[in-house]
Amino acid sequence: MFKDDCIFCKIIKGEIPSTKVYEDEDILAFKDINPVAPVHVLVIPKEHIKDTNEIVEENIKYIDHIFKNIGKIAKAAGVYESGYRLICNCGEDAGQQVKHLHFHIIGGKVLGPKVL
Ligand code: 5GP
Ligand code: ZN
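Every residue gets a number counted from 1 within its own chain, in the order that chain's sequence is written. Naming scheme: in the order in which they are written, chains are lettered from A and ligands are numbered from 1. It should be noted that, the model being predicted, local features are given only for residues of pLDDT at least 70 and side-chain atom pairs only at 80 or more, the latter also being counted only at that level, while totals for whole chains, interfaces and linings use all residues. Side-chain numbers come from the whole structure's heavy atoms, not from hydrogens or water.

### Digging into the side chain of His102
Numbered from the N terminus, helices here are DSSP runs of H or I no shorter than four residues, and strands are runs of E no shorter than two. Locating His102 in the fold gives a position in the loop between β4 (84-87) and β5 (103-107). Between N or O atoms, a polar contact is any pair within 3.5 Å; within protein, one atom must be a potential hydrogen donor and the other a potential acceptor, and residues adjacent in sequence are included only when both atoms are from side chains. At 2.7 Å, the side chain of His102 forms a polar contact with the backbone oxygen of His100. In this structure the side chain of His102 is engaged in a polar contact, spanning 3.5 Å, whose partner is the side chain of His104.

### A look at helix α2 (residues 60-77)
End to end, α2 covers 24 Å across 18 residues, agreeing with the expected 26 Å (1.5 Å per residue, within 8%). Note that the bend at a residue is defined as the angle between axes fitted to the seven residues ending at it and the seven residues starting at it. Of all the bends in α2, the greatest measures close to 50° and is centred on Ile70. Relative accessibility decides the category of a residue: with a 1.4 Å probe and only protein chains considered, values under 20% of the type maximum give buried, values over 50% give exposed, and everything between is partly exposed. For α2, the complete set of buried residues consists of Tyr62, Ile63, Ile66, Asn69, Ile70, Ile73, Ala74 and Ala77. Against β1 (20-23), β2 (27-31), β3 (39-45), β4 and β5 lie the buried residues of α2. Take the number of residues in a helix, subtract one, and multiply by 1.5 Å to get its expected span. Only heavy atoms matter for contacts: two residues are in contact if any of them lie within 4.5 Å across the pair.

### Examining the environment of Tyr62
If you trace the backbone, Tyr62 turns up in helix α2. The spacing of Tyr62 and Lys46 is 16 residues in sequence and 7.8 Å in space, taken between C-alpha atoms. If near-sequence neighbours (up to four positions away) are discounted, Tyr62 is found in contact with Met1, Asp26, Ile27, Pro45, Lys46, Glu47 and Ile49.

Following this line, the structure appears as structure tokens:
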């Protein structure tokens, strides 16, 4: 379920402190330590899933749960009305640093150019 050397698993277990925005039994949302915008929140499943390539039938409930609650988390982060960008990096070319699946909620200002 958890991976010993994973920093996000450690955050879930409370071994590394974080500023929580939303939490329930399946997911956790917390502030990014190095924000790129006034609002920068990370949403993670409470099970170690490496990246989007590792999403399978057995763990899809976490992804389902994240998206069912994304509006609620955006509200808690203060960007529900103003809007936000949702980003998920997978692998080398995308520059994924932490190998525990996470979605960035970025907002709190008018964001710059889009990649896509
Ligand atoms: P990635 O590049 O993998 O999509 O994003 C990883 C994100 O995790 C980065 O934005 C980085 O600032 C954030 N991060 C890395 N370590 C920690 C940590 O220990 N605590 C928090 N709150 N964020 C972290
Ligand atoms: Zn992990």
